[in-house]
Amino acid sequence: MSKFRLSSLFHSSSPSNGDAEAKKLNRRSFSALSASFRQKDYGETNGTPATKSETVSEQPASRMIALAEKITKATEKLEAYMKSKNLPMPSYDVDAPADFPALPDHVQLSRQEIIHATKELSLLAHGPREAFLDVLALTAINHYGLAKLVPVDSTITLAELEAKTSLDPINLARLLRMAMTNGIFREPSPGVIAHTAASRVLAEDENMQAWIGFNGEDIFPASAHVLQALEAHPEATSLTRAGFQFAFGTVDKEPMFATFGKDPDRARRMGRAMASLTGGEGYEPSYFVDVAKGGYDLSDIDAAGGTFVDVGGSHGFMCVDLATRYRNMKFVVQDLQKTVDSAPKPLSADPQVADRITLLAHDFFTEQPTKGADVYFFRWIIHNYSTPYAVRILRNLVPALKPGARILINDHCLREPGCENPWDERVMRRMDVVMLTLLNAQERTEAEFRALFAAASDGFVFKGVTRAEGCRMSVVEAVWQPDQVVATETKTAEEGAAAAPATEAEAPADKTTAVEDAATAAAAATPENGAAAAPSGEAKTEEAK
Ligand SMILES: C[S@@+](CC[C@H](N)C(=O)[O-])C[C@H]1O[C@@H](n2cnc3c(N)ncnc32)[C@H](O)[C@@H]1O
C-alpha cells in the first residue's frame, strides 16, 4: 500500500508563527497562498467548504478529523477485503494493475468514501481560494459575474439568479452544480443557491477574478492550441507562432503583448493576474535586496559609488528599494518609452533616493546605452523570451560592458525534477509551460542559463546561481571578462544558426515594433502596476513605500 498515500503536501515542515501566518492569510496573492504549503499547516482555524449540514464557522477542526477518521476506517475495510482475497494492493508501480478489481457493494462503498472524503479533506487543506480547479464552469461563472449576483448573507433562487444573467436556466444550473463539486457555491435546498467561502472569494477578490479570467479565457484557449503550434513550428522560438497566436488568429502577425495592447481591459486583467502570481510570498523584492535574508550584496559597489542598471525595470520599484538600502550608488531604470512616461515622478518621496535614480527609455533589443555600469540586472525579463531572443538581449550589452561588470538575471532557475518541494515544483513548471503557451518562452535550468551566456559571448564568465531561502526566484550571475573573448567574429558566424532568429517573423526587429506598440500592455504585466490597482493592503505601489 506504500504508493497509495495522502500527499506529503499536507505535512508541515515548520511550525507557524502567529504574525507571519496572519500576514500570509491577509495577503491576496495566489503565490502567497501556495507558499503556505511549503512552510505551514493550516491549523485549526481554517474553514471547511460548506456542506448542507455544516457551515464554515461550525466545528472546522472536527470536520478535518472526522474526515481523516473516515478515510482511515474506509481504507482499513478496503485493505482487509483485498488481503482476504489476495488481491494486489493499489500501486502506481509500472506493472501494477491499471484498474481496481471488481468489489462487492459494501467494499465499493468504502472505496467511494475514501475518494470523496480525501477530496473534501484536500479542499479543506487547500483553503477556499484554491478551490478553483475545473476550467469551464469556473470560467463561465467568472465571465458572467455570477458570484457577485449571489448575496453573501442570504440565498437566491435559481430563477432569481437567471433573471439577472443572460444565461438560460439549464446552463446556469449545470455550471453552478459543476462548480459545487469543487466547493464553489452550495445548494442548501433544491433550486436555492448560497455562497461558500470559495465562491465568496470569487465575488469579492478582483485579483482572483482577473486570475480566473486570464487563465480561462487566455491561457486555456492558448493551451489547447500548443500542439498545433508545435506541429507547425517545432522549434517553438517565435513570439508570433505560439499556442496563443494559433488560438486567437494572429499567427505571424503579432506577439501576445501586441494583442493585449489593443485591448486595455484584457491587458489589465493579465497585469492583475500576473501581479497576483508573482507579487506575493516567495517573490518579494526583499529576497534580492535584503542581504540578511540571503539577498545579493552590493556593498562594494555602493562603497565605490558604482552604477546599477535595471533593464526592463518597469517603474523602478526594485531600484527604489535598493537605493533606500544603499545610500551612495546610482541607479538607472530602463524600460520602453511608454512605461517610462507613465512612471510616478519623483520615484520616491525621499529625495536622497529619487535623485540617484535615472529613468531611461531603452529597448533592450537595441544596443545598451548606459556604458560602464557595474551591474546590469534583468528581473522577470529573460524568461519571457526563447533562446534566440534572450541571447540577443545579452549580446546587446556587450558594447557597454567594462571588465568586471556583472550581469544578474533574477528569474526562476529550474532544479532537477524532484528537488523542489512538490508545490513549488508544480508552480514553477506550470509557469514554464505557460511561457511556452503564450510566448514560446521558457523558465531555465542553470545549464541553460550558462549556455545562454556562452552563446551570447565568450566574454561572459558564468559565476553560478544563488537562491535565498524561502524564495522561488534565483539570481543567475555572469561577469564580463573581455580577455576571455577569442575569435569573436568566427564564433558569431558559427552560432548564427543556433542563436539568431531564423526567419523574418522571428527577427527581434519585428518584435521590437510590436512590443513598442504594446508597451502599455507589457507594463501592465508588472507586479507593482497590477498591485497598484489591487484592493490588497499589500499592494506594492510606489506611494506605499
Ligand atoms: C514582466 S515585466 C518585469 C518588470 C520588472 N523587471 C519586474 O521585476 O517586475 C517586463 C518589463 O519589460 C519591459 N519591456 C518589454 N519589452 C521591452 C523592451 N523591448 N525593452 C525594454 N523593456 C521592455 C516591460 O515594459 C515591463 O516593464
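Residues numbered from 1 in each chain as written. Predicted model: local features only at pLDDT ≥ 70, side-chain atom pairs only at ≥ 80, totals over all residues. Heavy atoms only, no water.

An unreviewed UniProt entry lists the chain under the name O-methyltransferase, from Corynascus novoguineensis.

Colleague: Lay out the overall build of the chain with the relevant residues and their values.
Modeller: When you go through the chain residue by residue, the secondary structure sums to 26 helices and 11 strands. Within the chain, the proportion of its 545 residues that are buried is 53%. Long-range pairs, those at least 24 residues apart, make up 69% of the contacts in the chain with a sequence separation of at least 6. Just so you have it, the chain exposes about 24,700 Å², and 54% of that area is on carbon and sulfur atoms. (Helix = DSSP H or I, 4+ residues; strand = E, 2+ residues; numbered from the N terminus. Buried < 20%, exposed > 50% of the residue type's maximum accessible area, 1.4 Å probe, protein only. Contact = heavy atoms within 4.5 Å. Areas by Shrake-Rupley, 256 points an atom, 1.4 Å probe, with all protein chains shown as cover.)

Colleague: Let's hear about the pairing of strand β7 (residues 375–379): which residues, and what values?
Modeller: With five of five residues buried, β7 lies mostly within the body of the structure. Both faces of β7 are covered, namely the face carrying Val375, Phe377 and Arg379 and the face carrying Tyr376 and Phe378. In terms of strand pairing, β7 meets strand β8 (residues 406–414) through five bridges, oriented parallel. Counted as the bridge partner of Val375 is Arg406 from β8. Tracing the backbone out of β7, into helix α20 (residues 387–395) and back to the parallel element β8 gives a crossover that is right-handed. (Pairing = 2+ DSSP bridges. Right-handed = clockwise from strand over helix to strand, strands pointing away.)

Colleague: Tell me about unusual backbone geometry, and please be specific about residues and values.
Modeller: Of note, the bond from Lys345 into Pro346 is cis; its omega dihedral lies within 30 degrees of zero at 0°. Its location among the elements puts Pro346 in the loop between α18 (337–341) and α19 (351–354). With a phi close to 60°, Asn86 is a non-glycine residue in the positive phi region. As for its position among the elements, Asn86 is in the loop between α3 (60–84) and α4 (105–126). Backbone geometry at Ser314 places phi at a positive 55°, although glycine is not the residue there. Positionally, Ser314 belongs in the loop between β4 (307–311) and α17 (317–325).

Colleague: Quick one: what's the story with the packing of helix α10 (residues 206–224) against helix α14 (residues 264–278), residue by residue and with numbers?
Modeller: At their nearest, the axes of α10 and α14 sit 8 Å apart, and the two run at 110° to each other. Taken together, the axes of α10 and α14 are roughly perpendicular relative to one another. Here α10 and α14 pass one another in a crossing that is left-handed. Touching Glu206, Asn207, Ala210, Trp211, Gly213, Phe214, Glu217 and Asp218 of α10 are Arg266, Arg269, Met270, Arg272, Ala273, Met274, Ser276 and Leu277, all from α14. Partitioned by chemical class, the residues of the contact of α10 with α14 number seven nonpolar, three polar and six charged. (Axes fitted to C-alpha atoms, helices over the stretch in contact; angles between N-to-C directions. Parallel < 35°, antiparallel > 145°, perpendicular 65-115°, else oblique. Left-handed = near helix turned anticlockwise from the far one by under 90°. Nonpolar A, V, L, I, M, F, W, Y, C, P; charged D, E, K, R; others polar.)

Colleague: Report on the pattern of salt bridges, specifying residues and quantitative values.
Modeller: By the definition in use, this model includes 21 salt bridges. Between Arg268 and Asp265 there is a salt bridge, with the nearest N and O atoms lying 2.8 Å from each other. Of this pair, Arg268 and Asp265 both sit in helix α14, three residues apart, roughly one helical turn. Residue classification places Asp265 among the exposed residues on the basis of a relative accessible area of 55%. (Salt bridge = Lys/Arg side-chain N within 4 Å of Asp/Glu carboxyl O.)

Colleague: Which residues make up the environment of Val332, and what values go with them?
Modeller: Note on placement: Val332 falls in strand β5 (residues 330–335). As for Val332 and Gly316, which are separated by 16 residues in sequence, their C-alpha atoms are 8.5 Å apart. Among all residues touching Val332, those that are not within four sequence positions of it are Thr307, Phe308, Val309, Asp310, Thr358, Leu360 and Thr370.

Colleague: Talk me through the packing of helix α5 (residues 135–143) against α10; I want residue IDs and the actual numbers.
Modeller: Remark: α5 packs on α10, axes separated minimally by 9 Å, with the N-to-C direction vectors making an angle of 125°. With respect to α10, the axis of α5 lies oblique. Crossing of α5 over α10 shows left-handed handedness. Facing α5, whose interface residues are Val135, Leu138, Thr139, Asn142 and His143, α10 presents Gln209, Ile212, Gly213, Gly216, Glu217 and Phe220. Here the contact of α5 with α10 is built from residues that sort into four nonpolar, six polar and one charged.

Colleague: Which residues make up the sheet that holds strand β3 (residues 192–194), and what values go with them?
Modeller: Across the sheet, three strands lie side by side as β1-β3-β2; this open sheet has antiparallel pairing. Each edge of the open sheet is held by one strand with a lone partner, namely β1 (156–157) and β2 (186–189).

Colleague: Describe in detail the UniProt feature "domain: O-methyltransferase C-terminal" (unreviewed entry) in the chain, supporting the description with residues and values.
Modeller: In this numbering, the UniProt entry assigns the feature "domain: O-methyltransferase C-terminal" (unreviewed entry) to residues 307–456. Here residues 307–456 runs as 37% helix and 21% strand, with 23 Å between its end C-alpha atoms. (UniProt positions renumbered as here; feature names shortened; annotations may be inferred.)

Colleague: Summarise helix α22 (residues 446–456); cite the residues concerned and give the values.
Modeller: Along α22, the residues classified as buried are Phe449, Leu452, Phe453, Ala455 and Ala456. Projected onto a plane normal to the axis of α22, the buried residues spread over an arc of 165° and lie on a single side. (Arc of directions from axis to C-beta.)

Colleague: Pulling in residues and values, what's your account of the nonpolar core?
Modeller: Grouped together as the largest cluster of nonpolar side chains are 88 residues, with contacts concentrated most on Leu176, Phe378 and Leu394. Core analysis: the next-biggest nonpolar cluster, separate from the first, contains 24 residues, Ala323, Phe331, Ala343 and Val375 among them. (Core = buried A, V, L, I, M, F, W, Y, C linked by side-chain atoms within 4.5 Å.)

Colleague: Could you give an account of α10, with specific residues and numbers?
Modeller: Between its first and last C-alpha atoms α10 spans 26 Å; for 19 residues at 1.5 Å apiece the expected length is 27 Å, and the two agree. Of all the bends found along α10, the most pronounced is centred on Asn215 and spans about 30°. Taken together, the buried positions of α10 are Asn207, Met208, Gln209, Ala210, Trp211, Ile212, Gly213, Phe214, Gly216, Asp218, Ile219 and Ala222. (Expected span 1.5 Å × (residues − 1). Bend = angle between axes of the 7 residues up to and from the residue.)

Colleague: Outline the packing of aromatic side chains, listing residues and values.
Modeller: With the rule as written, the count across this model stands at 17 aromatic pairs. On the numbers, 5.7 Å between centres and 55° between planes, the contact of Phe308 with Phe331 is tilted. Here Phe308, found in strand β4, pairs with Phe331, found in strand β5; they are 23 residues apart in sequence, far enough to count as distant. Assigned by exposure class, Phe308 and Phe331 land together as buried. With 6.2 Å between their ring centres and 45° between their planes, Tyr385 and Tyr389 make a pair best called tilted. The exposure class of Tyr385 is buried, given its relative accessible area of 5%. (Phe/Tyr/Trp six-rings, centres within 6.5 Å; stacked < 30°, edge-to-face > 60°.)

Colleague: Explain the state of the cysteines to me, using residue names and the numbers behind them.
Modeller: As enumerated under the stated definition, the model contains zero disulfides in all. Take Cys319: it sits in no disulfide, and the sulfur closest to it among the cysteines is that of Cys471, at 17 Å. There is no disulfide at Cys471, and the cysteine sulfur nearest it, in Cys413, is 12 Å away. (Disulfide = S-S within 2.5 Å.)

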